[in-house]
Amino acid sequence: MVSGYSRMITARMLPSKRTGDLIDRHWRLLTGWGALPKMLVLDNEAGVGRGTPTSEFAAFAGLLATKIYLCRPRDPDAKGLVEHANGYLETSFLPGRHFSGPDDFNTQLSTWLGVANRRMHRTLGARPADRWEADRSQMLALPAADPPAWWRFQTRLGRDHYVRVDTCDYSVDPAAIGHHVTVLCDNEKVIVLAAGGEIVASTHAAGPATRASPTPGTPRPASASTFRASTTPTARILRMIYPHESEVLLLRCYG
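Predicted, not measured: the structure shown is a model, and the values here were computed from it.

Participant: I keep staring at the nonpolar core and nothing clicks. Help me out?
Facilitator: Inside soluble globular proteins, nonpolar side chains tend to come together where they are buried. Trp33, Leu42, Val48, Phe57, Phe60 and Leu64 are the most contacted members of the largest nonpolar core, which totals 17 residues. Elements that contribute at least two residues to this core include exactly helix H1 (19-33), strand E1 (39-42) and helix H2 (55-64). With near-sequence residues (within four places) excluded, phenylalanine 57 lies in contact with Thr19, Leu22, Ile23, His26, Leu42, Gly47, Val48 and Ile68. Core analysis: the next-biggest nonpolar cluster, separate from the first, contains 16 residues, Trp151, Val163, Val172 and Val190 among them.

Participant: Honestly, a nonpolar patch on the surface in this entry has me stumped. Any pointers?
Facilitator: Together, Met39, Val41 and Tyr69 give the surface a local cluster of nonpolar side chains, amounting to about 260 Å² of exposed area. Mapped onto the secondary structure, methionine 39 falls in strand E1.

Participant: I'm lost on the side chain of aspartate 169 in this one. Help?
Facilitator: Topologically, aspartate 169 is positioned in strand E5 (residues 168-171). At 2.6 Å, the side chain of aspartate 169 forms a polar contact with the side chain of arginine 164.

Participant: In this structure, what is going on with the pattern of salt bridges? I would like to understand it.
Facilitator: Tallying each qualifying case throughout the model produces three salt bridges. Close ionic contact of aspartate 24 with arginine 28 constitutes a salt bridge, the shortest N to O distance being 2.7 Å. In this pair, aspartate 24 and arginine 28 are both assigned in helix H1, four residues apart and thus about one turn of the helix distant. The partner of arginine 136 in a salt bridge is glutamate 133, with the nearest N and O atoms 2.7 Å apart. With arginine 136 and glutamate 133 both in helix H5 (residues 128-137) and three residues apart, the pair spans about one turn of that helix. Judged by its relative accessible area of 49%, glutamate 133 falls in the partly exposed class.

Participant: Mind showing me how you'd approach the environment of threonine 182 here?
Facilitator: Checked against the element boundaries, threonine 182 lands in strand E6 (residues 180-185). By relative accessible area, threonine 182 is classed as buried at 12%. Among the polar contacts made by the side chain of threonine 182, one reaches the side chain of glutamine 154 at a distance of 3.1 Å.

Participant: Would you explain unusual backbone geometry in this entry?
Facilitator: The general pattern is negative phi for most residues beyond glycine and trans for most peptide bonds. Phi at arginine 7 takes a positive value of approximately 65°, unusual for a residue other than glycine. With respect to the secondary-structure elements, arginine 7 resides in the segment before H1. With a phi close to 60°, alanine 65 is a non-glycine residue in the positive phi region. Considering the arrangement of structural elements, one finds alanine 65 in the loop between H2 and strand E2 (67-70). Among the residues examined, alanine 65 registers a relative accessible area of 58% and is labelled exposed.

Participant: I'm lost on the packing of helix H3 (residues 80-93) against helix H4 (residues 102-116) in this one. Help?
Facilitator: How two helices pack is summed up by the angle between their axes together with the distance between the axes. It is at 12 Å that the axes of H3 and H4 come closest, and there the two elements cross at 105°. By the angle between their axes, H3 is roughly perpendicular relative to H4. Residues Tyr88, Leu89, Ser92 and Phe93 of H3 pack against Phe105, Gln108, Leu109, Trp112, Leu113 and Ala116 of H4. Of the residues belonging to the contact of H3 with H4, the class tally is eight nonpolar, two polar and no charged.

Participant: Mind showing me how you'd approach the packing of aromatic side chains here?
Facilitator: Aromatic ring pairs are described here by two measures, namely the spacing of the ring centres and the angle between the planes. Tallied over the entire structure, the rule returns seven aromatic pairs. Seen from their ring centres, phenylalanine 93 and tryptophan 112 are 5.4 Å apart, and the 50° between their planes marks the pair as tilted. Of this pair, phenylalanine 93 sits in helix H3 while tryptophan 112 sits in helix H4; the two residues are 19 residues apart in sequence, bridging distant segments of the chain. In this structure, phenylalanine 93 and tryptophan 112 share a single accessibility class: buried. Three or more aromatic residues joined by ring pairs make a cluster, and in this case those are Tyr88, Phe93, Phe99, Phe105 and Trp112.

Participant: I tried to follow the pairing of E6 on my own but got confused; where do I start?
Facilitator: Walk down a regular strand and you will see the side chains alternate between the two sheet faces. Within E6, five of the six residues are buried, leaving the element largely enclosed by the surrounding structure. Hairpin remark: E6 followed by strand E7 (residues 189-193), antiparallel, with three residues in the connecting loop.

Participant: Any chance you could explain H1 here in plain terms?
Facilitator: Each full turn of the α-helix corresponds to 3.6 residues, which orients residues three or four apart in the same direction. Counted at 1.5 Å a residue, the expected span for H1 with its 15 residues is 21 Å, and the 21 Å between its end C-alpha atoms agrees. Buried residues dominate H1, accounting for eleven of its 15 residues. Looking at the buried side of H1, the elements it contacts are E1, H2, H5 and strand E3 (151-156). Backbone geometry just downstream of H1 places glycine 34 in the positive-phi region, at approximately 75°.

Rules of the game
- Residues numbered from 1 in each chain as written.
- Predicted model: local features only at pLDDT ≥ 70, side-chain atom pairs only at ≥ 80, totals over all residues.
- Heavy atoms only, no water.
- Core = buried A, V, L, I, M, F, W, Y, C linked by side-chain atoms within 4.5 Å.
- Buried < 20%, exposed > 50% of the residue type's maximum accessible area, 1.4 Å probe, protein only.
- Helix = DSSP H or I, 4+ residues; strand = E, 2+ residues; numbered from the N terminus.
- Contact = heavy atoms within 4.5 Å.
- Patch = residues over 30% accessible without salt bridge, like charges linked within 9 Å, V, L, I, M, F, W, Y side chains within 5 Å.
- Areas by Shrake-Rupley, 256 points an atom, 1.4 Å probe, with all protein chains shown as cover.
- Salt bridge = Lys/Arg side-chain N within 4 Å of Asp/Glu carboxyl O.
- Polar contact = N/O pair within 3.5 Å; in protein donor to acceptor, adjacent residues only side chain to side chain.
- Axes fitted to C-alpha atoms, helices over the stretch in contact; angles between N-to-C directions.
- Parallel < 35°, antiparallel > 145°, perpendicular 65-115°, else oblique.
- Nonpolar A, V, L, I, M, F, W, Y, C, P; charged D, E, K, R; others polar.
- Phe/Tyr/Trp six-rings, centres within 6.5 Å; stacked < 30°, edge-to-face > 60°.
- Pairing = 2+ DSSP bridges.
- Expected span 1.5 Å × (residues − 1).

Any functional reading would require information that these geometric values do not contain.
Next comes the structure, spelled out in structure tokens:
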């Protein structure tokens, strides 16, 4: 995400381009800014909406009370600031780095952005950090209420006492077998509630190629043959994070 006036950049790695992930990403980045732009310029993609926002994204925009501008298809100039920022991250942040996982990637990225936003911007002739306070002062206030958990569903817990979220299975307390449970999740946490509201599983969301043992709340091992390697920037990042995997698993990681 790039602010138009100051060119301040904020970013994080995400699992996918699905609507829930995109909403969660925007909320976390906006919360980090502590302010809300009067308009969000978004790519014309399925998770956001093609031509018109999806019902979930429209609800999110309503909560924020901000305008949504969807770029036309095949119109990269409309979001040139973001495209330039992506290129800058790929050429200046990624080379020579090693990551122990997605959390480490986001930690290193956050630290690097603190330096990058203080560099002299050639087009502006100023540092983004020096223009940030003036930029933020013209933005809107964040809503008082957080968005709801965008990944929420109910299911009847089977005999294997696992619930599936995206491509990962999470084990639940066997005491809940045969009962309906409610699953709440975002990019960082998965919580399973029994009918009475008590927590029967709580864990961090699984990253790609998880090899955790199947104890309550941990993800079931993923199959290494599910997805093939790719030459996309996301796949290159994953190979840096998981250099010993025979195949890059594009399970829950989107850059």
